[in-house]
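Listed below are the residues making up each chain.
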Amino acid sequence: MKKALIFAAGLLIALTACKKNEKCSTAPVYTPNENDTTTVAFFPIAYVNTDTLLAKYEFAKQKNDELQRKQENSRLTLTQKGQKLQKDYEDVMKKLQNGIYATRERAEQEQNRILKQQQELEALEAKLTQELLEENDKINHQLRDSLNAALKVFNADGRYKMIFSNTVADPTILQADPSTDITNEVLELLNARLK
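Residues numbered from 1 in each chain as written. Predicted model: local features only at pLDDT ≥ 70, side-chain atom pairs only at ≥ 80, totals over all residues. Heavy atoms only, no water.

What follows concerns the side chain of S146. By the element assignment, S146 lies in helix α4 (residues 104-154). Judged by its relative accessible area of 15%, S146 is buried. Leaving out residues up to four positions away in the same chain, S146 has contacts with Y57 and L190. (Helix = DSSP H or I, 4+ residues; strand = E, 2+ residues; numbered from the N terminus. Buried < 20%, exposed > 50% of the residue type's maximum accessible area, 1.4 Å probe, protein only. Contact = heavy atoms within 4.5 Å.)

It is worth spelling out the pairing of strand β3 (residues 45-49) at this point. The element β3 is extensively covered by neighbouring structure, given that 4 of its 5 residues are classed as buried. As defined by bridge partners, β3 adjoins strand β4 (residues 162-166) across 5 bridges and the pair is classed as parallel. Across the sheet, A46 pairs through a bridge with I163, a residue of β4. (Pairing = 2+ DSSP bridges.)

Another point: the packing of aromatic side chains. Applying the stated criterion across every chain, the model contains 2 aromatic pairs. Judged by centre distance (5.9 Å) and plane angle (45°), the ring pair of Y57 and F59 falls under tilted. Relative accessible area serves as the criterion here: at 6%, Y57 is assigned to the buried category. For F59, a relative accessible area of 17% gives the class buried. When the ring of F154 is compared with that of Y160, the centres are 6.3 Å apart and the planes differ by 5°; the resulting orientation is stacked. In this structure F154 comes out as buried when scored by relative accessible area, which is 12%. Since its relative accessible area comes to 17%, Y160 is described here as buried. (Phe/Tyr/Trp six-rings, centres within 6.5 Å; stacked < 30°, edge-to-face > 60°.)

What follows concerns helix α3 (residues 58-98). Every α-helical turn comprises 3.6 residues, leaving residues that sit three or four positions apart pointing alike. With 41 residues, α3 should cover 60 Å at 1.5 Å per step; its first-to-last C-alpha distance of 60 Å lies within 8% of that length. Taken together, the buried positions of α3 are occupied by F59, A60, K63, L67, S74, L78, L85, D88 and V92. Against α2 (50-56), α4 and α5 (183-194) lie the buried residues of α3. Backbone geometry just downstream of α3 places G99 in the positive-phi region, at approximately 70°. (Expected span 1.5 Å × (residues − 1).)

Helix packing geometry: the angle between the two helix axes and the distance between the axes. Relative to each other, α3 and α4 sit at 175°, their axes nearing to 10 Å. One element, α3, and the other, α4, form an angle in the roughly antiparallel class. Of the residues that constitute the contact of α3 with α4, the class distribution is 16 nonpolar, 9 polar and 9 charged. (Axes fitted to C-alpha atoms, helices over the stretch in contact; angles between N-to-C directions. Parallel < 35°, antiparallel > 145°, perpendicular 65-115°, else oblique. Nonpolar A, V, L, I, M, F, W, Y, C, P; charged D, E, K, R; others polar.)

This part takes up the nonpolar core. Membership of the largest hydrophobic core comes to 19 residues, with the highest contact counts inside it found for Y57, I182, V186 and L190. Sorting the residues of this core by element identifies β3, α3, α4 and α5 as the ones contributing at least two each. Per-element tally for this core: the top contributor is α4, with 7 residues. Dropping the residues within four chain positions of it, Y57 is found in contact with T52, L143, S146, L187, L190, N191 and L194. V92, A107, I114 and L128 belong to the second largest nonpolar core, which has 8 residues in total. (Core = buried A, V, L, I, M, F, W, Y, C linked by side-chain atoms within 4.5 Å.)

Structure (structure tokens):
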């Protein structure tokens, strides 16, 4: 809701500024009918579907694959260590039930060893999760920088006054003319810049 309000306020400010600014008077003016003297100044806007960019931009696909491999490796490491901990725990429990430990002190040592292993596993899980989050943030920053650099090149002639992002998960644009979708052109530029 806040995004929609901010967008509407920004659009209203831009339109108001455009009406007051002499440079904007060259923009096409639309008059609904001959009797209506109200005019509305339009300025060119476009949008990029970032879901499509993420799915088709080679750099994004490569980074996503790398991140997935790291997630899988982290999951495998945690699973293996968790299974070893479970086996050690079961061994200690069997020995306790069978009275294998000569002293109570020895049994407590084994229980403490298992508890320490569990704490180490939890710390490792937190560390791996934090590393993955940091890597994801780093990748997102790289993608954002790459997109911004490409859009500066793409819009160097200033043909668009605003370029929005549109995604399925968080749509900023609720309705748009398909002719304002510049996703494919930006995607071509992004992929060409990799070569």
